[in-house]
Each structure stands twice: as C-alpha cells, then as structure tokens.
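This is what each chain is made of:
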Amino acid sequence: MGRCHSLLGVSHVGHSQTSSLPQTSPLRRHAQFPRSYSVSFSPINYHFNFCFFFFMITVTVTGVPNTLNVITNFPFLIVGVVGFILSLQGCLFNISLRGEVWGWTLFFAGIVGMSFGSAYYHLKPDDARIMWDALPMMIAYSSLLSCFMVERLGQRIGLSCLFGLLLVVLLSMVYARTFNDLRLCMLFQLIPCIVIPGLAFLYPAKYTHSKYWLWAAGVCILSKFEAAFDRKIYNANRYFISGHSLEHLCSAVVPVLLAIMLLYRNTRHQRLGDIKERP
C-alpha cells in the first residue's frame, strides 16, 4: 500500500483524477483540501473517498488511466502468490504451528487482494471501488499482527487476536460505509509501523532473524513519508513517478522481507505451550 492505506492501505484521490469531475463533485472538492487534514482526528464527518495524503497521478500510458499507480501494484501480486503457496505447503517456510500457517496464508492472500483492489480502484477512483482497496489491506495487517502474536505470545493468544481484528475490520467497513468516515480504516496503518516494533522489544523472539520484523516496520514508515511528500517527490523527478507510486513499490518490499525471514529463520527455543499446541 501507499494509498490512504499503505502496505498495505486505502487509496487516495489525486488532482488529475478529479479534473474531469464537475465543480460540485465531492470527490473533486475533497482532493483540493490542504494536506493538514491528514493528521486531524477531530470529529469531522469525512466523505467516504476523502484522501488523507494529497498525491499526484502520472499520465495515462497505452490507454491505462493513472498508469504507474496501477502497474506498481504488480509486485504485490508476485510476492503474494509466492508467499501464499509456500505458506500452504510449509516445505520452505519455517512455520511450526497451525496458527502460523493460518496467519501467514491469510497475510499473503491479503497482499494478493491488495494488488487487485488497488489497481481496480486507481483505474477509476470512486466511492464504490475504494472498499476493494481498503479491505485487503486491513485483512493483511490483521493477519500480520496475529502472526507476530503467535510467535511471541503463543498460538492461542495469536489466533484470538486474529479473530478479534477481523471482527474490527468488519465493523470498520460497516462504519465507513454508514458514516462516510475512513478514520478507523486508516488506524490499521499503525500496526506494522508502531505496534509490532513496540511489542518486539517487550517479548522475546521464538525464532532467529527477528530483526526482519523491525526492517519491515522501517520500510512501512518510509512508505508513509513517500506518500506524505508525494507532490514534492513528483516535482523533484520532473513528473516521472509520484511519491504515491513509490509508496506502492516500497510497501511491496515488506512482504518480501517477511518471506525472507520465513525462509531462513530457525527455532531459537521451544515454549512449553507451543509443544502442547503443535498439531
């Protein structure tokens, strides 16, 4: 994501995307708001497709609207499919518990969904399509936190976290559609950036190569800066690629880092609870 989602998240609406809309269109009006609203959590009833980062859209190439914002989702598809297959097979990834299999499989499935959802949204941004952009991102973030909890705190706590977060995802989607407010969806961006690094220092790692969690969180933070400075990045490289498109590419590095971690990590120590929970 670099969208209103990230890694993952929810897409934005750019200036060139709104140029063909009527002057009274809410989509056009919201894209013209100043960037300062992106950090506002005051009780304002945002329109459903309100963008939280003002980003630029590259020109149409070969008949594909918003070309780079569409095709930069392709890396998500590649790494998502590979990770999904390896998570199910379990032959290359070091996954020892059933809860980890469920969590990582759902994570990579969410990454695949993000590639389609984001591309679908950017082809023709509107209120109806933005849901397909936000939902896969939130599922991926939920399962990612669940995987981390299984690793650090055990399978029972991790699976409880997964089911609880998926319920929150459902309620957030209902809230967003009912009240035209995406703030709950946006909060899911904090999971890889803040929650996981914080918990990483509090609870010991079960596996080696745990530093990849921190690297992935750092890349997520970098992608947020690329989204926040989208216009300046776009102007600096003479309108070749926007910060939003770079955010897509940067966010795609996150599942790559996590896949490498799963390939090379080894069990550092066994927990008694893990032995009992092993299928």
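Residues numbered from 1 in each chain as written. Predicted model: local features only at pLDDT ≥ 70, side-chain atom pairs only at ≥ 80, totals over all residues. Heavy atoms only, no water.

## Here's the deal with the pattern of salt bridges
For side chains bearing opposite charge, pairing can occur when the charged atoms are close.
Phase 1 of the analysis: In the structure shown here, the tally under the stated rule is four salt bridges.
Phase 2 of the analysis: Across the salt bridge formed by Arg152 and Glu151, the nearest N and O atoms sit 3.3 Å from each other.
Phase 3 of the analysis: Owing to a relative accessible area of 6%, Arg152 belongs among the buried residues under this scheme.
Phase 4 of the analysis: We note a salt bridge from Arg265 to Glu151, for which the minimum N-O separation is 3.3 Å. With Arg265 in the loop between helix H12 (243-264) and helix H13 (272-277) and Glu151 in helix H6 (residues 127-153), this pair connects stretches of sequence that are 114 residues apart. Across the pair, exposure class does not vary: Arg265 and Glu151 are buried alike.
Phase 5 of the analysis: Members of the salt-bridge network, linked through shared partners, are Glu100, Glu151, Arg152 and Arg265. (Salt bridge = Lys/Arg side-chain N within 4 Å of Asp/Glu carboxyl O. Buried < 20%, exposed > 50% of the residue type's maximum accessible area, 1.4 Å probe, protein only. Helix = DSSP H or I, 4+ residues; strand = E, 2+ residues; numbered from the N terminus.)

## Focus: a nonpolar patch on the surface
Phase 1 of the analysis: Residues Leu184, Leu187, Leu190, Ile194 and Val195 make up a contiguous nonpolar surface patch of roughly 380 Å² in combined accessible area.
Phase 2 of the analysis: At the level of secondary structure, the elements contributing two or more residues to the nonpolar patch comprise helix H8 (183-187) and helix H9 (190-200).
Phase 3 of the analysis: Sort the elements by how many residues they give to the nonpolar patch and H9 lands first, with three residues.
Phase 4 of the analysis: Positionally, Ile194 belongs in helix H9. (Patch = residues over 30% accessible without salt bridge, like charges linked within 9 Å, V, L, I, M, F, W, Y side chains within 5 Å. Areas by Shrake-Rupley, 256 points an atom, 1.4 Å probe, with all protein chains shown as cover.)

## Things to note about unusual backbone geometry
Phase 1 of the analysis: In this structure, Arg238 takes a positive phi of about 60° despite not being glycine.
Phase 2 of the analysis: In this model, Tyr239 sits at a positive phi of 65°, which is unusual for a non-glycine residue.
Phase 3 of the analysis: Examined against the element boundaries, Tyr239 turns out to sit in the loop between helix H11 (230-236) and H12.

## Some words on the UniProt feature "transmembrane region" (unreviewed entry) in the chain
Phase 1 of the analysis: Under the UniProt annotation, "transmembrane region" (unreviewed entry) lies at residues 46-64, 76-95, 101-123, 130-151, 157-175, 187-205 and 246-264.
Phase 2 of the analysis: Helix makes up 100% of residues 246-264 and strand 0%, whereas the separation of the span's terminal C-alpha atoms amounts to 28 Å. (UniProt positions renumbered as here; feature names shortened; annotations may be inferred.)

## Observations regarding the side chain of Gln155
Phase 1 of the analysis: Structurally, Gln155 is set in helix H7 (residues 155-179).
Phase 2 of the analysis: A distance of 2.5 Å separates a polar atom in the side chain of Gln155 from the backbone nitrogen of Gly99. (Polar contact = N/O pair within 3.5 Å; in protein donor to acceptor, adjacent residues only side chain to side chain.)

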